[in-house]
Amino acid sequence: LTVTVIWFLISYFFQGAMVRSLSHSHSGARTEEPQLYNLVENLCIANGMKMPALHIIETRARNAFASGINDSTYAVTVTRGLLQSLSKDELEAVLAHELTHIINRDVRLMMVCVVFTGMLGVSAQILWRNMRYSLRIPSDRRRNQGGGFIVLFFILIVLWVGYAATLLTRLALSRRREYMADAGA
């Protein structure tokens, strides 16, 4: 329970910094990217929503995503390749799609799913490693352990089933939410 609480606190308070760090993005302020900033600002005004932070990834790949868990941490990240390859109208449609994820709170839902999936996956891996180590203990010590091995094996099975269930749920939610964001955009 303590590990779970710590995991959630770290995820809650540092998720924005982790996303920026992992994606190698930088700020897309009004002074640096005025055209992009104006597009997002106009869409936000039209929807009556608070302006999310803008980030840019310097890559030729074409991608965009929304992240964050509340109004102060919401962000839209766009790659340089997307900015260079799309017309203004196409870029506006992509940005509207990402803003719809924020409006529908999809990004918060996916963040919770990712945290649960990660937590269950790491727990299952730790337990698996502990079980593998316990198999190497001499047989006279194993007899003194009683049914501990069976309990650990049962917990491992439950963790892996939970991990698979959260992963499948995340994938099912993601697909459905993408269609909803397309319609909302």
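Residues numbered from 1 in each chain as written. Predicted model: local features only at pLDDT ≥ 70, side-chain atom pairs only at ≥ 80, totals over all residues. Heavy atoms only, no water.

**Q** Let's hear about the packing of aromatic side chains: which residues, and what values?
**A** Aromatic ring pairs are described here by two measures, namely the spacing of the ring centres and the angle between the planes. Under the definition given, this model contains 1 aromatic pair. Seen in terms of ring centroids, tyrosine 12 and phenylalanine 13 are 5.1 Å apart; in terms of plane orientation they differ by 90°. Their pairing is edge-to-face. Note on tyrosine 12: relative accessible area 43%, which makes it partly exposed. The exposure class assigned to phenylalanine 13 is exposed, which follows from its relative accessible area of 58%. (Phe/Tyr/Trp six-rings, centres within 6.5 Å; stacked < 30°, edge-to-face > 60°. Buried < 20%, exposed > 50% of the residue type's maximum accessible area, 1.4 Å probe, protein only.)

**Q** Which residues make up the sheet that holds strand β2 (residues 53-57), and what are the values?
**A** With mixed pairing, the 4 strands of this open sheet are ordered in space as β1-β2-β4-β3. Among the strands making up the open sheet, the edge pair consists of β1 (25-27) and β3 (64-67). Between one strand and the next, the sheet's axes are offset by a mean angle of 30°, whatever the strand orientation. The pairing of β2 with strand β4 (residues 75-79) spans 5 bridges and is parallel. By the bridge assignment for β4, histidine 55 is matched with threonine 77. Running over the sheet, helix α1 (residues 2-23) touches β1, β2 and β3 and is turned about 160° from β3. (Pairing = 2+ DSSP bridges. Helix = DSSP H or I, 4+ residues; strand = E, 2+ residues; numbered from the N terminus. Axes fitted to C-alpha atoms, helices over the stretch in contact; angles between N-to-C directions. Contact = heavy atoms within 4.5 Å.)

**Q** Explain the environment of methionine 49 to me, using residue names and the numbers behind them.
**A** With respect to the helices and strands, methionine 49 occurs in the loop between α2 (34-47) and β2. In sequence terms methionine 49 and aspartate 71 are 22 residues apart; their C-alpha atoms lie 9.2 Å from each other. Excluding anything up to four places from it in sequence, methionine 49 contacts Cys44, Leu99, Ile102 and Ile103.

**Q** Explain α1 to me, and be specific about the residues and the numbers.
**A** Taking 1.5 Å of rise per residue, 22 residues should cover 32 Å, and α1 covers 29 Å from first to last C-alpha, within 8% of that figure. Here α1 has its buried residues at Ser11, Gln15, Gly16 and Ser23. Just beyond α1, the residue with positive phi is histidine 24, at close to 55°. (Expected span 1.5 Å × (residues − 1).)

**Q** Can you tell me about helix α4 (residues 88-103), naming the residues and giving the values?
**A** Compared with an ideal rise of 1.5 Å per residue, which puts 16 residues at 22 Å, α4 spans 22 Å between its outermost C-alpha atoms and is within 8% of the ideal. Listing the buried residues of α4 in full gives Leu91, Leu95, Ala96, His97, Glu98, Leu99, Thr100, His101 and Ile102.

Remember, this is a structural readout, not a statement about activity or role.
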